[in-house]
Amino acid sequence: MNDSRISGLSRRDFLAGASAVGAAALLCVPGRSFAGPPPETTRIRLVHTPVVCFAPVFLAEELLRLEGFSEVEYVKPGNDGNIATLTSGRADFAMMGVTAVMLPIDTGQPITVLAGVHSGCWELVGNDRVHTVRDLKGATVAVTDIGGLDHVFISSIMAYVGMDPKVDVNWVTTQHIGESMRKFHLQFLEPRENFREIGIF
């Protein structure tokens, strides 16, 4: 039995209704939305992070204006990073990996996590002697900084399989993800016995 009508609504009726809603959205008054009254404040400051993963922050500007925010400002973080830009009051919102906020929250910094974004943009890269996470034992691991996003990610993965990230690997800090990968690739250019390290990007 193939009945195109469900509870008195045909596919044609559904499409007509959906089209009407779309047309209404296009014809709505600028600065107003279907979400309710305008916000109490009309200014919002977002941390500017020029990374492709954070593209939704830039796409959000027009949507925020539709919600009633007349001033949408992108704040460049200082040398102290995104977290300090938030906690100092220089910005209102930022998008970042969850591991970047775990330690600051644990130390009592005034940060609130509102929602998850996505997962899967990090990849752990190892040489030909690293086939499992446990193979990292005794290896040198390149990360941007101790307590940084990549360091906490790898540490949590290691702890999950029963390793102690404080003693089982040798951490090397590079201050930049690109430098971590450069150090990793050096192992293929120099004598193999001089290197036993992995990188993350």
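Everything numeric here is computed off the predicted structure, so don't read it as measured data.

What follows covers the pattern of salt bridges. Counted under the stated rule, the structure contains four salt bridges. The shortest N-O distance in the salt bridge between Arg-65 and Glu-61 comes to 3.0 Å. Of this pair, Arg-65 and Glu-61 both sit in helix 2 (residues 55–66), separated by four residues, roughly a single helical turn. The class of Arg-65 is partly exposed, set by a relative accessible area of 29%. A relative accessible area of 22% places Glu-61 in the partly exposed class.

At a minimum axis separation of 8 Å, helix 4 (residues 98–106) and helix 5 (residues 149–160) run at an interaxial angle of 90 degrees. Classified by the interaxial angle, the pair formed by helix 4 and helix 5 is roughly perpendicular. Each of Thr-99, Ala-100, Met-102 and Leu-103 in helix 4 lies in contact with helix 5, whose residues at this interface are Leu-149, Val-152 and Phe-153. When its residues are assigned to classes, the contact of helix 4 with helix 5 shows six nonpolar, one polar and no charged.

With that settled, the discussion passes to helix 5. In this model helix 5 runs 17 Å from its N-terminal to its C-terminal C-alpha over twelve residues, within 8% of the 16 Å that 1.5 Å per residue would give. Among all positions in helix 5, only Asp-150, His-151, Val-152, Ile-154, Ser-155 and Met-158 are buried. Positive backbone phi, approximately 90 degrees, marks Gly-162, located one or two places after helix 5.

This brings us to the nonpolar core. Nonpolar side chains tend to gather and get buried jointly when the protein is soluble and globular. One finds Val-130, Leu-136, Val-141, Val-143, Ile-154, Met-158, Met-163, Val-169 and Trp-171 forming the largest nonpolar core, which totals nine residues. Going through the elements one at a time, strand 4 (140–143) and helix 5 are the ones with two or more residues in this core. Apart from residues lying up to four places away in sequence, Val-143 is in contact with Asp-150, His-151, Ile-154, Trp-171, Val-172, Thr-173, Thr-174, Gln-175 and Ser-180.

Looking now at the side chain of Thr-49. Its location among the elements puts Thr-49 in the loop between strand 1 (43–47) and helix 2. There is a polar contact of 3.3 Å between the side chain of Thr-49 and the side chain of Asn-82. Dropping the residues within four chain positions of it, Thr-49 is found in contact with Phe-54, Phe-58 and Asn-82.

It is worth spelling out the environment of Leu-86 at this point. Mapped onto the fold, Leu-86 is located in helix 3 (residues 81–87). Between the C-alpha atoms of Leu-86 and Pro-110, which are 24 residues apart in sequence, the distance is 8.7 Å. Those residues within four positions of Leu-86 in sequence are excluded, and the remaining contacts are Val-47, Ala-91, Asp-92, Phe-93, Ala-94 and Met-96.

What follows covers the pairing of strand 1. Where burial is concerned, most of strand 1 is hidden: four out of the five residues are buried. With five bridges connecting them, strand 1 and strand 2 (residues 71–75) associate as parallel partners. Its bridge partner lying in strand 2, Arg-45 is registered against Glu-73. Of the crossover connections in this fold, the one passing from strand 1 over helix 2 to the parallel strand 2 is right-handed.

You can see Asn-82 is positioned in helix 3. Ignoring sequence-local partners within four residues, the contact set of Asn-82 consists of Val-47, Thr-49, Pro-77, Met-95 and Met-96.

This paragraph deals with the confidence of the model for the chain. Chain-level statistics for the chain give a pLDDT mean of 76 and a share of 72% at 70 or above. Per-residue pLDDT stays below 50 along residues 1–7; that stretch engages in six contacts with residues further than four places along the chain or on separate chains. Counted against residues more than four places away or in other chains, residues 188–201, with its pLDDT under 50, gives 50 contacts.

Within the fold, Gly-68 resides in the loop between helix 2 and strand 2. Among the residues examined, Gly-68 registers a relative accessible area of 13% and is labelled buried. Counting along the chain gives 29 residues from Gly-68 to Pro-39, while the straight-line C-alpha distance between them is 6.3 Å.

Each value, and the rule that gives it
- Residues numbered from 1 in each chain as written.
- Predicted model: local features only at pLDDT ≥ 70, side-chain atom pairs only at ≥ 80, totals over all residues.
- Heavy atoms only, no water.
- Salt bridge = Lys/Arg side-chain N within 4 Å of Asp/Glu carboxyl O.
- Helix = DSSP H or I, 4+ residues; strand = E, 2+ residues; numbered from the N terminus.
- Buried < 20%, exposed > 50% of the residue type's maximum accessible area, 1.4 Å probe, protein only.
- Axes fitted to C-alpha atoms, helices over the stretch in contact; angles between N-to-C directions.
- Parallel < 35°, antiparallel > 145°, perpendicular 65-115°, else oblique.
- Contact = heavy atoms within 4.5 Å.
- Nonpolar A, V, L, I, M, F, W, Y, C, P; charged D, E, K, R; others polar.
- Expected span 1.5 Å × (residues − 1).
- Core = buried A, V, L, I, M, F, W, Y, C linked by side-chain atoms within 4.5 Å.
- Polar contact = N/O pair within 3.5 Å; in protein donor to acceptor, adjacent residues only side chain to side chain.
- Pairing = 2+ DSSP bridges.
- Right-handed = clockwise from strand over helix to strand, strands pointing away.
- pLDDT = per-residue confidence, 0-100.

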